[in-house]
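Structure at a glance
Chain residues, written in single-letter form:
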Amino acid sequence: MAKAVLTISSKNYGAWALRGWLMAKLAKLEFTEHIISPDDPAMKAEMLLLSASMRVPSLDHDGVHVWDTLAIGEYLNEIKPKAGLLPADRAARAHCRAICGEMHSGFSAMRSSLPMNIKAHFPGFKLWSRAQTDIDRIEIIWQECLEKYGGPFLFGAKPCIADAMFAPVVTRFITYDVPLDLACVAYCDTIMDLPAMKEWVAAAEAEPDEIDELDAEF
């Protein structure tokens, strides 16, 4: 029996859930999923019991309860150091933490105007200027990392916490047909080709359609 339980929400709409879930997969942590549907009226009450921030994901492992996606990533790095969730080099590790923090607290215009919806596709979607500003900044982050660390992932040959943090952005860019340069398109392809991402997408596509996306987390 798995020692860990990861509480998540909808796989089609749950951006933060994807981040924590992908981190756990990259760490090769054995876990079971506890899924709370975003359209469940009891969701917030249940989440309040699990997390003071009322957010998913939430990880329970060996008597330790961790919420907040970045805290989960740091915890997984401590218990699974060989997984390389953070870069080995000190400067690269600081860089990784900085862009993860930027994703964690920023890009609100992009996140609100382009909500995660894996099953949908909106060709030629019209972007408003504030969302485009966020997208431009994300492109710069990706370009700088890919050039500095050699790709195909943000910090080199292996996916890490940063890739998990930006994975929902990749799905948004695909859903809303966001134009990107060739390097960023290749990065999106690399993320979507991860076995764990294919597993997540398949589960998202199998979800019922009646979930109200307005109730989904951004």
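Whatever comes next refers back to the structure up there.
What comes next concerns the included structure. (Residues numbered from 1 in each chain as written. Predicted model: local features only at pLDDT ≥ 70, side-chain atom pairs only at ≥ 80, totals over all residues. Heavy atoms only, no water.)

Notes on the environment of Leu 70
- Position of Leu 70 among the secondary structure elements: in helix 3 (residues 69-79).
- Judged by relative accessible area, Leu 70 falls into the partly exposed class, the value being 24%.
- On a C-alpha basis, the gap between Leu 70 and Met 165 in space is 8.6 Å, while along the polypeptide they are 95 residues apart.
- The contacts of Leu 70, once residues within four sequence positions are left out, are Cys 100, Gly 101, His 104 and Met 165. (Helix = DSSP H or I, 4+ residues; strand = E, 2+ residues; numbered from the N terminus. Buried < 20%, exposed > 50% of the residue type's maximum accessible area, 1.4 Å probe, protein only. Contact = heavy atoms within 4.5 Å.)

Observations concerning the environment of Arg 97
- Turning to its location among the elements, Arg 97 is positioned in helix 4 (residues 90-105).
- Arg 97 sits 10 residues away from Pro 87 along the chain, and the two C-alpha atoms are 9.6 Å apart.
- Setting aside chain neighbours within four positions, we find Arg 97 in contact with Glu 74 and Leu 86.

Examining the packing of helix 7 (residues 161-175) against helix 8 (residues 182-192)
- Closest axis-to-axis distance for the helix 7/helix 8 pair is 10 Å, and the angle between their directions is 110 degrees. As judged from the angle between their axes, helix 7 and helix 8 are roughly perpendicular. Along its contact with helix 7, which presents Asp 163, Phe 166, Ala 167, Val 170, Thr 171 and Ile 174, the element helix 8 presents Tyr 187, Cys 188, Ile 191 and Met 192.
- Residue composition of the contact of helix 7 with helix 8, by class: 8 nonpolar, 1 polar and 1 charged. (Axes fitted to C-alpha atoms, helices over the stretch in contact; angles between N-to-C directions. Parallel < 35°, antiparallel > 145°, perpendicular 65-115°, else oblique. Nonpolar A, V, L, I, M, F, W, Y, C, P; charged D, E, K, R; others polar.)

Re the pairing of strand 1 (residues 4-8)
- In terms of burial, strand 1 is largely enclosed, as 4 of its 5 residues are buried.
- With helix 1 (residues 15-26) bridging strand 1 and the parallel strand 2 (residues 31-35), this β-α-β connection has right-handed handedness.
- Taken together, the 4 bridges between strand 1 and strand 3 (residues 58-61) define a ladder with antiparallel strand orientation. Each bridged residue has a counterpart across the sheet, and for Leu 6 the counterpart in strand 3 is Leu 59. (Right-handed = clockwise from strand over helix to strand, strands pointing away. Pairing = 2+ DSSP bridges.)

Thoughts on the pattern of salt bridges
- Evaluated as defined, the whole model comprises 5 salt bridges.
- Residues Lys 11 and Glu 33 are paired through a salt bridge, measuring 3.0 Å at the closest nitrogen-oxygen approach. In this pair, Lys 11 is assigned in the loop between strand 1 and helix 1 and Glu 33 in strand 2, connecting sequence segments 22 residues apart.
- Overall, the relative accessible area of 7% leaves Lys 11 in the buried class.
- Owing to a relative accessible area of 33%, Glu 33 belongs among the partly exposed residues under this scheme.
- Put simply, Glu 102 and Arg 137 hold a salt bridge, and the shortest N to O gap is 2.8 Å. (Salt bridge = Lys/Arg side-chain N within 4 Å of Asp/Glu carboxyl O.)

Describing the packing of aromatic side chains
- As enumerated under the stated definition, the model contains 8 aromatic pairs in all.
- Three or more aromatic residues link up through ring pairs in this structure, and these residues are Trp 142, Phe 166, Phe 173 and Tyr 187.
- Taking NZ or CZ as reference, Arg 19 lies 4.2 Å from the ring centre of Trp 16, over its face. (Phe/Tyr/Trp six-rings, centres within 6.5 Å; stacked < 30°, edge-to-face > 60°. Lys NZ or Arg CZ within 6 Å of the ring centre and 35° of its normal.)

Some words on helix 8
- Listing the buried residues of helix 8 in full gives Cys 184, Tyr 187, Cys 188 and Ile 191. Looking down the long axis of helix 8, one finds its buried residues gathered within 100 degrees of arc, a one-sided arrangement. Among the exposed residues of helix 8, those oriented more than 90 degrees off its buried face are Leu 182 and Asp 189.
- Buried positions along helix 8 lie against helix 6 (129-149), helix 7 and helix 9 (195-205). (Arc of directions from axis to C-beta.)

Observations regarding helix 1
- Taking 1.5 Å of rise per residue, 12 residues should cover 16 Å, and helix 1 covers 17 Å from first to last C-alpha, within 8% of that figure.
- Across the 12 residues of helix 1, 11 count as buried, placing the element largely inside the fold.
- Restricting attention to buried positions, one finds in helix 1 the residues Ala 15, Trp 16, Ala 17, Leu 18, Arg 19, Gly 20, Trp 21, Leu 22, Met 23, Ala 24 and Leu 26.
- Positioned one or two residues after helix 1, Lys 28 has a phi angle of 60 degrees, which is positive. (Expected span 1.5 Å × (residues − 1).)

Some thoughts on the nonpolar core
- If you look at the biggest cluster of nonpolar residues, it comprises 67 residues, and the most contacted ones within it are Trp 21, Leu 22, Leu 76, Trp 142, Leu 154, Phe 155 and Phe 166.
- Counting only elements with at least two residues in this core, the list comes to strand 1, helix 1, helix 3, helix 4, helix 6, helix 7, helix 8 and helix 9.
- Look past the residues within four positions of Leu 154 in its chain and what remains in contact with it is Ile 99, Trp 142, Cys 145, Leu 146, Tyr 149, Ala 162, Asp 163, Phe 166 and Tyr 187. (Core = buried A, V, L, I, M, F, W, Y, C linked by side-chain atoms within 4.5 Å.)

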